[in-house]
Amino acid sequence: MITLAAGDVSPGLLGFVVVALIGVALYMLIKSMNKQMSKIQVPRAADIDDKKAE
């Protein structure tokens, strides 16, 4: 086992687990956002011009 001096601080396993969980949550959020963004239907310029002409 590694012994640290009195003033040394190490994040250890808990720090790694927290950062890894944040990374996994970020990946899932980005994946969900991309799925929702692909559902949005943006009108094309031709469609807008046709509506103005009417």
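Procedures and definitions
- Residues numbered from 1 in each chain as written.
- Predicted model: local features only at pLDDT ≥ 70, side-chain atom pairs only at ≥ 80, totals over all residues.
- Heavy atoms only, no water.
- Helix = DSSP H or I, 4+ residues; strand = E, 2+ residues; numbered from the N terminus.
- Areas by Shrake-Rupley, 256 points an atom, 1.4 Å probe, with all protein chains shown as cover.
- Expected span 1.5 Å × (residues − 1).
- Buried < 20%, exposed > 50% of the residue type's maximum accessible area, 1.4 Å probe, protein only.
- Patch = residues over 30% accessible without salt bridge, like charges linked within 9 Å, V, L, I, M, F, W, Y side chains within 5 Å.
- Salt bridge = Lys/Arg side-chain N within 4 Å of Asp/Glu carboxyl O.

Visitor: If you had to explain the overall build of the protein chain to someone new, which residues and values would you point to?
Guide: From N to C terminus, the protein chain includes 2 helices and 0 strands. Counting every atom, the protein chain has about 5500 Å² of accessible surface; 68% of that belongs to carbon and sulfur.

Visitor: Describe helix H1 (residues 12-39), naming the residues involved and giving the relevant values.
Guide: The end-to-end C-alpha distance of H1, which contains 28 residues, comes to 42 Å, matching closely the 40 Å that a straight helix rising 1.5 Å per residue would cover. For H1, the tally of buried residues reaches only 0 of 28 residues, placing the bulk of the element at the surface.

Visitor: Tell me about a nonpolar patch on the surface, and please be specific about residues and values.
Guide: Taken together, the side chains of Leu26, Ile30, Met33, Met37, Ile40 and Val42 define a hydrophobic patch exposed on the protein surface, amounting to about 610 Å² of accessible area. Tracing the backbone shows Leu26 in helix H1.

Structural measurements only, silent on function.
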